[in-house]
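Architecture at a glance
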Amino acid sequence: MLAEPPTTPYDLRFSIAGIPVRVHPLFWLVALFLGLGPREDPKLAIIWVGVVFVSVLVHELGHALTARSFGYHPRITLHGFGGLASYEPTRYDPARQITITIAGPLAGFLFAAVIVGVLMLLGYELHFFGRRLTRGEPIPNLYAYVLVHDLLLVNIFWGVINLFPVLPLDGGQIARDILLRFHPRQAIPTAYQLSMITAAALAIFSFVRLGSFFMSLFFGYLAYASFVTWQSYQRSSFRGR
Ligand SMILES: [Zn+2]
């Protein structure tokens, strides 16, 4: 899941702040699929795909710009499972790694804070998961309203989900790197064990409490993948004895 997909003739390539970006065609298809359902209006589907594109790019830029500040040469790939900022680290340093990982979700939260700040200055009212964020006039245009709420949903809600200690999400990588710092011998199998338990709990929670079959399937798959990897570590440590 963390590997870069092979290049295709339909890749979109550009660079931003000197960082090369490649967008695999599956990125657009999966983003569109995630937005289908209640969006019969094609304009709303286009807004959704645009929001996913900009938000994933902001997130990956958080990772990539931080990696560059450490002297690495990052590149960004947007693919069917989200995004990836890759670089060749000169040496493994858990503290640096954790800083680079946390910069992705942080960039998304900052982006959301800027949006909330701008709407507050313009005097518009904003709601997020039933809570009022700012007071004022309701946003008059339906498309502007959807744009703002989609941006907040992706940057805040997905940002938080991404911080749970589930591999290969950012939270799982942070948990693994913290464990590597303090318990290097058992860190990797423990990180997968934690990932398996957390993902299984999130799969049940998203089905029972959020009613989201898609999220439940996503975490169910990650729980299974973590279980398989954890098992392979158990077997290899048994053989090593
Ligand atoms: Zn990330």
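Described in the following lines is the structure provided in the data block. (Residues numbered from 1 in each chain as written. Predicted model: local features only at pLDDT ≥ 70, side-chain atom pairs only at ≥ 80, totals over all residues. Heavy atoms only, no water.)

1. Quick notes on the coordination of the zinc ion
Distances from the zinc ion to its protein donors, namely His-59 (NE2), His-63 (NE2), Asp-170 (OD) and Asp-170 (OD), fall within the range 2.1 to 2.7 Å. Note that the zinc ion binds four donor atoms; their angles at the metal cover 52 to 142°, and the shape is irregular. In the primary structure, the donors to the zinc ion are separated according to the pattern H-x3-H-x106-D. Taken together, the residues span a long stretch of sequence, with His-59 in helix H2 (residues 42-69) and Asp-170 in helix H5 (residues 170-182) at a distance of 111 residues. Judged by its relative accessible area of 8%, Asp-170 falls in the buried class. (Donors = N, O, S within 2.8 Å, 3.2 Å for Na, K, Ca; no water. Tetrahedral: all angles 85-135°; square planar, octahedral: opposite > 155°, others 65-115°. Helix = DSSP H or I, 4+ residues; strand = E, 2+ residues; numbered from the N terminus. Buried < 20%, exposed > 50% of the residue type's maximum accessible area, 1.4 Å probe, protein only.)

2. Notes on the packing of aromatic side chains
In the structure shown here, the tally under the stated rule is 11 aromatic pairs. Aromatic side chains Phe-27 and Trp-28 sit 5.5 Å apart centroid to centroid with 80° between the ring planes, which places their arrangement in the edge-to-face category. Within the aromatic cluster, the residues linked to one another by ring pairs are Phe-14, Phe-27, Trp-28 and Phe-53. Positioned above the aromatic ring of Phe-182, the side-chain terminus of Arg-181 is 5.7 Å from the ring centre. (Phe/Tyr/Trp six-rings, centres within 6.5 Å; stacked < 30°, edge-to-face > 60°. Lys NZ or Arg CZ within 6 Å of the ring centre and 35° of its normal.)

3. Some words on the nonpolar core
Ranked by size, the top nonpolar core spans 31 residues in total, and within it Phe-27, Ile-76, Leu-78, Leu-126, Val-148 and Leu-152 carry the most contacts. Elements with a minimum of two residues in this core: strand S2 (19-23), helix H1 (25-35), H2, strand S3 (75-79), helix H3 (94-122), strand S5 (126-128) and helix H4 (142-161). Counting residues per element, this core draws most heavily on H2, at 11 residues. In contact with Ile-76, other than residues within four places in its own chain, are Ile-19, Pro-20, Val-21, Arg-22, Leu-57, Glu-60, Leu-61, Ala-64 and Leu-84. Listed in part, the 10 residues of the second largest apolar core include Ile-161, Leu-169, Leu-202 and Leu-222. (Core = buried A, V, L, I, M, F, W, Y, C linked by side-chain atoms within 4.5 Å. Contact = heavy atoms within 4.5 Å.)

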